[in-house]
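Topology and contacts: notes
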Amino acid sequence: MRQDPDGPYLRSGQVAERAGVNPQTLRYYERRGLIAEPARSPGGHRAYPPDTVTLLTVIKAAQRLGFTLDEVAELLDTGRRGHPTPDLRARAQAKIVEVDAKIADLTTIRTALGQVVSAGCDSLTHCTCPDCPLPFADLALRSGRPPGRPARARWPR
């Protein structure tokens, strides 16, 4: 590989391995504009600068924090302009609100599942446990259908 002041250029497999991603991820991120299209070696191989590994690590870390690739692309674009903005902070605060809502939903689900386990429920539609916490059997009976018979799916036309 060629040398430059920052060190040797890296091939796709080397970048992918060091960043912990699939080589196809590199091409996908190139198409999405998250990483720059690399130069080519005389043999036609992609030749990535070493800082590509750092950029990929940042992208993957942002995804783990809950940012979508579109959001990551927007944040990277803002950062590339070289002007500090409150955008990251505002987006992080919005993510905290989303995470708090998900935690609340998961807590509700966990509580309901704990009640099902504690009550000894044995069926969604014909539960025989006393004081069944599941509303499904009641709902099936009120729907006018025999228990255990699903409603006919209605698809938008």
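These figures come from a predicted structure and were not determined experimentally.

Details of the overall build of the protein chain
Helix and strand counts for the protein chain come out as six helices and four strands. Beginning at the N terminus, the succession of helices and strands in the protein chain can be written as β-β-α-α-β-β-α-α-α-α. Here the contacts in the protein chain between residues at least 6 apart in sequence split such that 43% fall between residues at least 24 apart. Split by element, the accessible area of the protein chain, about 11500 Å² in all, is 56% carbon and sulfur.

With respect to the confidence of the model for the protein chain
Looking at the protein chain as a whole, its pLDDT mean stands at 82, while 80% of the residues score no less than 70. The low-confidence segment residues 1–6 (pLDDT under 50) makes 13 contacts with residues lying over four places distant or belonging to another chain. Scored below 50 in pLDDT, residues 147–157 makes eight contacts in the model with residues more than four places away or belonging to other chains.

Considering helix α5 (residues 87–119)
Helix length check: α5, at 33 residues, gives a terminal C-alpha distance of 48 Å against a target of 48 Å (1.5 Å per residue), a fit within 8%. Of the residues trailing α5, Gly 120 is marked for its positive phi of about 80°.

Basis of the calculations
Residues numbered from 1 in each chain as written. Predicted model: local features only at pLDDT ≥ 70, side-chain atom pairs only at ≥ 80, totals over all residues. Heavy atoms only, no water. Helix = DSSP H or I, 4+ residues; strand = E, 2+ residues; numbered from the N terminus. Contact = heavy atoms within 4.5 Å. Areas by Shrake-Rupley, 256 points an atom, 1.4 Å probe, with all protein chains shown as cover. pLDDT = per-residue confidence, 0-100. Expected span 1.5 Å × (residues − 1).

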